[in-house]
Amino acid sequence: MDGNISLNHSEWCILEALWQKQPKTLMQLVREMKDRQGWSKSTTNTMLRRMQEKAYIRYEEGEKARLYHTDLKREEVVLKETESFLKRTYGGSLGMLVNMFVENNQLTDRDIAQLREILHRAEEKKRSSSEQS
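Residues numbered from 1 in each chain as written. Predicted model: local features only at pLDDT ≥ 70, side-chain atom pairs only at ≥ 80, totals over all residues. Heavy atoms only, no water.

(A) Looking closely at the packing of aromatic side chains. Tallied over the entire structure, the rule returns three aromatic pairs. Consider the rings of W12 and W19, whose centres lie 5.7 Å apart with planes at 70°: the pair is edge-to-face. A relative accessible area of 19% means that W19 is categorised as buried. Here the aromatic rings of F85 and Y90 are separated by 6.0 Å at their centres, their planes lie at 70°, and the arrangement is edge-to-face. Overall, the relative accessible area of 34% leaves F85 in the partly exposed class. (Phe/Tyr/Trp six-rings, centres within 6.5 Å; stacked < 30°, edge-to-face > 60°. Buried < 20%, exposed > 50% of the residue type's maximum accessible area, 1.4 Å probe, protein only.)

Shown next as structure tokens:
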């Protein structure tokens, strides 16, 4: 995937719809975007055209209608967007991000437990990868 991907909110909405189930026809996407975003058919059509130009989505001619797909993997896009956000906002420091939540008393007990579990898994992964080296 291109390292320079940068999605706006509207592009995220369309990709989310495709990640849930693909392929989808234009009319399926039009109905979904009308329900989710209140978009008209022309707005959805314009977004699809722009996203094709950026190679975020593609279509194939089906028997009765175009079938829209994305080859972008959600996990990869989320990682790229998260890395971009961290660099832009916190100089790439995950610690600064977490500290912001700590300092503003924004973490619930559940959040803290999840962070402990994540850190435990990270330590285990580090340990197992260093043992394999």
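(B) Representation of the environment of V77 in the model. The topology assignment puts V77 in helix α4 (residues 74–90). Overall, the relative accessible area of 0% leaves V77 in the buried class. Between the C-alpha atoms of V77 and L29, which are 48 residues apart in sequence, the distance is 20 Å. (Helix = DSSP H or I, 4+ residues; strand = E, 2+ residues; numbered from the N terminus.)

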